[in-house]
Amino acid sequence: MKKITLLFFALFIVCTPAHAEYGNSPVHWGIKKAENEVPAEAGKQLDVLLERHGAVYKGSSHKKDIYLTFDNGYENGYTGQILDVLKKEQVPAAFFITGHYLNTAPDLVKRMAAEGHTIGNHSWTHPDMTTVSREKFTNELEKVRVQTEKLTGIKEMPYLRPPRGIFSERTLALAKEEGYAHIFWSLAYVDWKTDQQRGWQYSYDNIMKQIHPGSILLLHTVSKDNADALEKAIKDLKKRGYTFKTLDDLMWSQAIHEPMLY
């Protein structure tokens, strides 16, 4: 009997999912903003936590590469304008979409994919993922992936942005098990309040003030300010020596810390 009990205990340790070991205390993403091109900082504790689970919020501070991302919870009439600018300026971007967006703006999702942009997962119903069961967590992500594949033919969806910027070590681990890397951000501002738009200069100034080498920019497509400021911001960032890269470029650079020797 004792041998059976020990065997069961050993199997339990092997078979227990990694996320069972992790706490689920919610963390609301927040960082020290960049200034004068000095990179934003999340602090050592969060840096270690994110690295442990393959999550990122910025790239290398030694290269003037930047990563443009948008959150798409619903359509407000400006995504087409944003896509026009990206196409004109030949800039790649990532769009993190919800189930509502997939259901109400399928043609725009198809266009994102057709024009070579990355489509990321922002969950089906935009819940606080720290409050849901494992089953619902998986379902929230899989429904977005499946519907995106139906619309675009793209099967792989490796990037996740947590709804509301809320996460825990448990959700980081769960996402990793599901094949996702969390993509946070190092540059953002209040741009999602559609009844409090302040004009293109507000968006432009916030981008230029906070920009830094390795920036992951988070913009919301519901913002008229963002849509109107985007072309000038892109052109001026290029003049300052910045290059727009994809999230695939970012993750590849993160994976290679030292040159391979042959």
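Residues numbered from 1 in each chain as written. Predicted model: local features only at pLDDT ≥ 70, side-chain atom pairs only at ≥ 80, totals over all residues. Heavy atoms only, no water.

This part covers the pairing of strand 2 (residues 65–72). Across the 8 residues that make up strand 2, a large majority, 8, are buried. Burial of strand 2 is two-sided: the residues Asp65, Tyr67, Thr69 and Asp71 facing one way and the residues Ile66, Leu68, Phe70 and Asn72 facing the other way are all buried. Judged from the 2 bridges that link them, strand 2 and strand 9 (residues 243–244) form a sheet pairing that is parallel. Paired with aspartate 65 across the strands is threonine 243, a residue of strand 9. Looking at chain direction, strand 2 and strand 8 (residues 216–220) are connected through 5 bridges and run parallel. Each residue of the ladder has a partner; that of threonine 69, found in strand 8, is leucine 218. Remark: the strand 2/helix 3 (residues 79–89)/strand 3 (residues 94–97) crossover connection has right-handed handedness. (Buried < 20%, exposed > 50% of the residue type's maximum accessible area, 1.4 Å probe, protein only. Helix = DSSP H or I, 4+ residues; strand = E, 2+ residues; numbered from the N terminus. Pairing = 2+ DSSP bridges. Right-handed = clockwise from strand over helix to strand, strands pointing away.)

This next bit is on the pattern of salt bridges. Under the definition given, this model contains 18 salt bridges. Here glutamate 142 ties to arginine 145 by a salt bridge, and the two come within 2.8 Å at their closest N and O atoms. Within this pair, glutamate 142 and its partner arginine 145 are both found in helix 6 (residues 134–152), separated by 3 residues, close to a single helical turn. Taking the relative accessible area as the measure of exposure, glutamate 142 reaches 34% and is therefore partly exposed. Residue arginine 145 is classed as buried on the basis of its relative accessible area, which comes to 19%. Lysine 239 is the partner of aspartate 236 in a salt bridge, and the nearest nitrogen-oxygen pair spans 3.9 Å. Of the two residues, aspartate 236 and lysine 239 both sit in helix 9 (residues 224–239), 3 residues apart, roughly one turn of that helix. According to the relative accessible area criterion, aspartate 236 is buried, its value standing at 13%. (Salt bridge = Lys/Arg side-chain N within 4 Å of Asp/Glu carboxyl O.)

Here the structure, examined in full by the defined rule, presents 9 aromatic pairs. Ring centres 6.3 Å apart and planes at 55° place the aromatic pair tryptophan 29 and phenylalanine 167 in the tilted group. Of this pair, tryptophan 29 sits in the loop between strand 1 (27–28) and helix 2 (44–52) while phenylalanine 167 sits in strand 6 (residues 166–167), and the two are 138 residues apart along the sequence. Taking the relative accessible area as the measure of exposure, phenylalanine 167 reaches 0% and is therefore buried. Each member of the aromatic cluster is reached from another via a ring pair, and the members are Trp29, Tyr57, Phe167, Phe184 and Trp185. Taking the ring centre of tyrosine 242 as reference, the NZ or CZ of lysine 64 above it sits at 4.6 Å. (Phe/Tyr/Trp six-rings, centres within 6.5 Å; stacked < 30°, edge-to-face > 60°. Lys NZ or Arg CZ within 6 Å of the ring centre and 35° of its normal.)

The subject of this paragraph is the nonpolar core. Soluble globular proteins: nonpolar side chains tend toward being buried together. Core analysis: the largest hydrophobic core is formed by 48 residues, its most contacted members being Leu68, Phe70, Leu86, Phe95 and Leu230. Those residues in contact with phenylalanine 70 that lie beyond four places of it in its chain are Ile82, Leu86, Ala93, Ala94, Phe95, Phe96, Leu219, Thr221 and Leu230. One finds Leu46, Leu50, Leu218 and Leu247 within the second-largest nonpolar core, a separate group that totals 24 residues. (Core = buried A, V, L, I, M, F, W, Y, C linked by side-chain atoms within 4.5 Å. Contact = heavy atoms within 4.5 Å.)

Packing of helix 3 against helix 9 leaves a shortest axis separation of 9 Å and a crossing angle of 20°. The orientation of helix 3 with respect to helix 9, classified from their angle, is roughly parallel. For the pair helix 3 and helix 9, the crossing hand works out as right-handed. The segment helix 3 lies against helix 9, with Gln81, Ile82, Val85, Leu86, Lys88 and Glu89 engaging Ala227, Asp228, Leu230, Glu231, Ile234, Lys235 and Lys238. (Axes fitted to C-alpha atoms, helices over the stretch in contact; angles between N-to-C directions. Parallel < 35°, antiparallel > 145°, perpendicular 65-115°, else oblique. Left-handed = near helix turned anticlockwise from the far one by under 90°.)

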